[in-house]
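The chain contents come next:
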Amino acid sequence: MSDITVKINGVDYKAKEGEFLLNIARRENIFIPAICYQTECSPTLACRLCIVEADGKRVYACNAKAKDGMEVITENEEIREERESIMQVYDVNHPLECGVCDQSGECELQDYTLYMNVNEQKYTIPDTYRPIRDWGLIKYDASLCIVCEKCITVCKDMIGDSVLKTVPRGGEPLNKELKATMPKDAYAMWNKLQKSIIGTVNEDNSLECQDCGECIAVCPVGALISSDFQYKANAWELRKIPASNPHSSDCSLIYYNVKHGDISHYHDEKIYRVTNDAHFVTLHGAARFGFDFENNVAGKDKAMFEKAVDFLKNEADTIRFSSYITNEEALILQKMKEKLGVKLVNEDAYAYQQFMKNYSSVSGKSLYSGDLKTIKASGFVICVGTQVRYDAPNVGYAINNAVTMNKGAGLYFHPVGDKVVGTFSKNMMTIAHQPGAEEHILAFVLDYFSKVEAAAKEALPEDIAGLVAEYAKETVALPEEFDAKMTKMLAKKERFSLVVGEDLYRHARSANIAKLAGAVERYTNIDVVVIPSKTNTLGVSLICELDAEAGEKVLGYNAEGDFVLSALGDGDLDMPALNQQEGTFTSLNKRVVPTNVALEFSGYELNDIANAAGIGPKKLTIDYTSELPQEKGYREALFDTLPNYMDNGGNEVRGYALDMVESAAGSAVEKLEDAALMEGELVYLSNPINQFSPFTNKAHQLRTEGKLYVSAEFAEAKGLADGDSVEISNDAGSIDTKVEIDLQLTGDIPYLSTFDKTLDTQSLFDGSRFTIATIRKV
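Parameters and conventions
- Residues numbered from 1 in each chain as written.
- Predicted model: local features only at pLDDT ≥ 70, side-chain atom pairs only at ≥ 80, totals over all residues.
- Heavy atoms only, no water.
- Axes fitted to C-alpha atoms, helices over the stretch in contact; angles between N-to-C directions.
- Helix = DSSP H or I, 4+ residues; strand = E, 2+ residues; numbered from the N terminus.
- Parallel < 35°, antiparallel > 145°, perpendicular 65-115°, else oblique.
- Left-handed = near helix turned anticlockwise from the far one by under 90°.
- Contact = heavy atoms within 4.5 Å.
- Nonpolar A, V, L, I, M, F, W, Y, C, P; charged D, E, K, R; others polar.
- Buried < 20%, exposed > 50% of the residue type's maximum accessible area, 1.4 Å probe, protein only.
- Polar contact = N/O pair within 3.5 Å; in protein donor to acceptor, adjacent residues only side chain to side chain.
- Pairing = 2+ DSSP bridges.
- Expected span 1.5 Å × (residues − 1).
- 1 Å grid on protein atoms, 1.4 Å probe; cavity = no way out; pocket = protein on both sides within 12 Å on 5 of 7 lines; lining within 4 Å.
- Points joined across faces, edges and corners; volume = space filled by probe spheres on them.

Colleague: Just checking my understanding: could you explain the packing of helix H11 (residues 347-363) against helix H20 (residues 510-523) for this structure?
Modeller: Geometrically, a packed helix pair is captured by the angle between its two axes and the distance between the axes. Packing of H11 against H20 leaves a shortest axis separation of 7 Å and a crossing angle of 40°. Classed by the angle they form, the pair H11 and H20 counts as oblique. Pair H11 / H20 crosses with right-handed handedness. Contacts from Phe-355, Asn-358, Tyr-359, Ser-361, Val-362 and Ser-363 in H11 reach Ser-510, Ala-511, Ile-513, Ala-514, Lys-515, Ala-517, Gly-518, Ala-519, Glu-521 and Arg-522 in H20. For the contact of H11 with H20, the residue count by class is eight nonpolar, five polar and three charged.

Colleague: When you look at the side chain of Asn-400 in this model, what are you seeing that I'm missing?
Modeller: Mapping Asn-400 onto the fold places it in helix H14 (residues 393-405). According to the relative accessible area criterion, Asn-400 is buried, its value standing at 1%. At a separation of 3.1 Å, a polar atom in the side chain of Asn-400 contacts the main-chain carbonyl oxygen of Lys-156. If we skip the residues at most four places from it in the chain, Asn-400 touches Lys-156, Asp-157, Met-158, Ile-159, Gly-160 and Phe-424.

Colleague: Got a minute to help me understand the pairing of strand S17 (residues 409-413) in this structure?
Modeller: In summary, the side chains of a regular strand alternate between the two faces of the sheet. Among the five residues that make up S17, five are buried, leaving the element largely enclosed by the rest of the structure. Neither face of S17 is exposed, since Ala-409, Leu-411 and Phe-413 on one face and Gly-410 and Tyr-412 on the opposite face are all buried. Two strands pair when backbone bridges link them, and strand S16 (residues 380-384) and S17 are joined in this way by five bridges, in the parallel orientation. Note on S17: the bridge partner recorded for Ile-382 is Leu-411. One ladder, built from four bridges, connects S17 with strand S19 (residues 428-431); its direction is parallel. Within the sheet, the bridge partner assigned to Phe-413 lies in S19 and is Ile-431.

Colleague: Looking at this structure, I do not really get helix H15 (residues 438-449). What am I missing?
Modeller: Two residues of an α-helix separated by three or four positions point the same way, owing to the 3.6 residues in each turn. A rise of 1.5 Å per residue sets the reference length of H15, with its 12 residues, at 16 Å; its end C-alpha atoms lie 16 Å apart and thus fit the reference within 8%. Across the 12 residues of H15, 12 count as buried, placing the element largely inside the fold. The complete set of buried residues in H15 reads Glu-438, Glu-439, His-440, Ile-441, Leu-442, Ala-443, Phe-444, Val-445, Leu-446, Asp-447, Tyr-448 and Phe-449.

Colleague: Help me out: how do you make sense of the sheet that holds strand S7 (residues 138-141) in this one?
Modeller: Strand-to-strand pairing in sheets goes through backbone hydrogen bonds, with the strands running parallel or antiparallel. Taken in spatial order, the three strands of this open sheet run S6-S7-S10, and their pairing is antiparallel. Strands with a single pairing partner mark the edges of an open sheet, and in this sheet they are strand S6 (132-135) and strand S10 (224-226). Across the sheet, the mean angle from the axis of one strand to that of its neighbour is 20°, orientation sign disregarded. The pairing of S7 with S10 spans three bridges and is antiparallel. Bridge pairing in S10 links Lys-139 to Ile-225.

Colleague: Even after reading the chapter, I still don't get H20, so can you show me in this structure?
Modeller: The first and last C-alpha atoms of H20 sit 20 Å apart over 14 residues, in line with the 20 Å expected at 1.5 Å per residue. Burial of H20 is extensive: 12 of the 14 residues sit out of reach of the surface. Buried-residue contacts for H20 involve H11, H15, helix H16 (462-468), strand S20 (496-500), helix H19 (502-505) and strand S21 (526-530).

Colleague: Explain the pairing of S7 to me, please; I cannot follow it from the model alone.
Modeller: Where S6 and S7 come together, four bridges link them in antiparallel fashion. Across the sheet, Ile-132 pairs through a bridge with Asp-141, a residue of S7. Between S6 and S7, which follow one another and run antiparallel, lie two residues, and Gly-136 among them has a positive phi close to 75°.

Colleague: Help me understand the layout of surface pockets, please; the structure alone is not making it clear to me.
Modeller: To find leftover empty space, a probe the size of one water molecule is rolled over the atoms. Put simply, the largest pocket is a space of about 2,000 Å³. Around the largest pocket sit 50 residues that line it, and Glu-40, Lys-376, Ala-377, Asn-401 and Asn-406 are the ones nearest its centre. Looking at the lining of the largest pocket, the elements that each hand over two or more residues are helix H1 (21-27), helix H12 (372-376), H14 and strand S28 (652-654). Among the elements that line the lining of the largest pocket, the one with the most residues is H14, at five residues. Among the residues forming the lining of the largest pocket, the class breakdown is 15 nonpolar, 17 polar and 18 charged.

Written out as structure tokens, the structure reads:
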């Protein structure tokens, strides 16, 4: 889109041709009321409050597209009267229960009623019964609903579930006399309110979705609310602490809503909920509902602290740790390695680190080029090696948003069937291949898209072109009439994204797969995203020199060891959880983003151990923020200087972006090997949606047991039902667990989880995320 100039209230502003007027106004801090519009989603024209004049004509700012030289007036007397009439309709039968409503104090209906001086009511209209729905983590009170449809829009255009819709309410028609007294838009609004409420696509109005709770976040009134939060606190009592999502690598901006406990624990604060800037930030269910995973301790255990220091200094030859730590803690561990000569072992970050080394050897860049924003801007998205809605929900949201809002298309390669991905768009082609085909799939992507004019940047070198052309078409599992379908899907597409995930860097051929992905980065115009598997996998892989194998004496930090430091409260020495720490993460958007303390921790921290071991000394963990390695793209920035907010244009003003470091691109893509396709009874290693780790499973709204998760058709074929006991076994061992039917899943490959520490599921897998195993009902 080309740059244009639009005059708003007599002032010139720069914009993009075709941009919605409402978005331009918001970016320039010009207020236009709108209850129904959700940024990055399609306009519904449900509320009609955003009415403005554009070149002398009445238009709705949420739906009117900017043209060069357009003159816009956002308010005059006629517009004010129209808006007031609409608000009177909204208010006529809205229950006067603001004193107990959970949205009171941050309710848009309250705000606009006051802003538009609605101090009298001209209408009295019979109301209709509207039932309350209990949808598990979410409650819906239809009597409070103003049918703005934001919940429907965000579910369809952002999340991709598309499970909400308007359903008939059964209200009485408006009499002719009253209709004659109402402005046109006010009457249309009343007609909608009288006839509709929100329901689901299921006949019984049950809700089957991924429980992200984004409908709660976008609801402007108290109609959709967290079941757990309902009637617990008032908005004005809560202290909102900006932080970053601690559970996955999107590290999205969140706000911990904190206040004191009950009267008997007045000085003990607790987290009541997590909120987000819903116009610009989307949260998955773990970020929203999995907030209370703190580690509560009575005080400092000096004796155990001294044992920890002694073990580190005199016995340990290895520190094994997880990626649920901050950048600063990763740097402390690296300094322990340098000072004490210990090994650093982190399996997921090591696999990611090796993948990115091979990737960079061909791409010539230290990092991948894409992020969530580039995915959302794409017209065509390719996804390989990740069960994306489970592994990285925010990436799944971005893919859905791209193909929905941009009239885009995409290819989704994965052996495990997903009920929802194929419904993102009629032009979203899902391809179920056998595990082991991934190297040939990346070769196909490079070969095919290097020949697509809009995606090609420069001709492939002859040696690479010759190698990738040897991919086995039957291995890639392309459907019939693939070329004909792709011709239509690629029409008018200008921006492309490739998303690759954990399956690839845990693959036996991960080194060459990484080089193929690096070649896509280097030789095409495709923006690549390599999803980090855990919250700070990217940060750990950049900061720490990791070892492949552990030694004999292991100090574990949120991981197994002979002496364990644990933020879960199940080790030898308690440590703070991520909602009790301040520091930074390195997000999949390649930004260094700050997180802050929501709840106090009265025990020892990793920095205390480092100081006692002769490393530092530093008063605070965040004193290491400015020492993060600049040669890896970090900056010499103090923690307290790092911003953490979204601006009105939707830009991420959070911390800083990593500097891209150029590297030598001398490595060559290797010859493809014949694909070692896995056949037989397969099991995948994953987690159900909204579970990522033992930390999410500690949160009271998400707590459950790990199971074998199967599709409905798999259960029917095997004669299994929810709750049945099964034994899963192979040459590596066996485990007993129960069955749960995952309604989001399709196909014949079930999965085992990793979030439940009582199940040693990973013992059945040898590096790869797929294994062959026998499943027997017991």
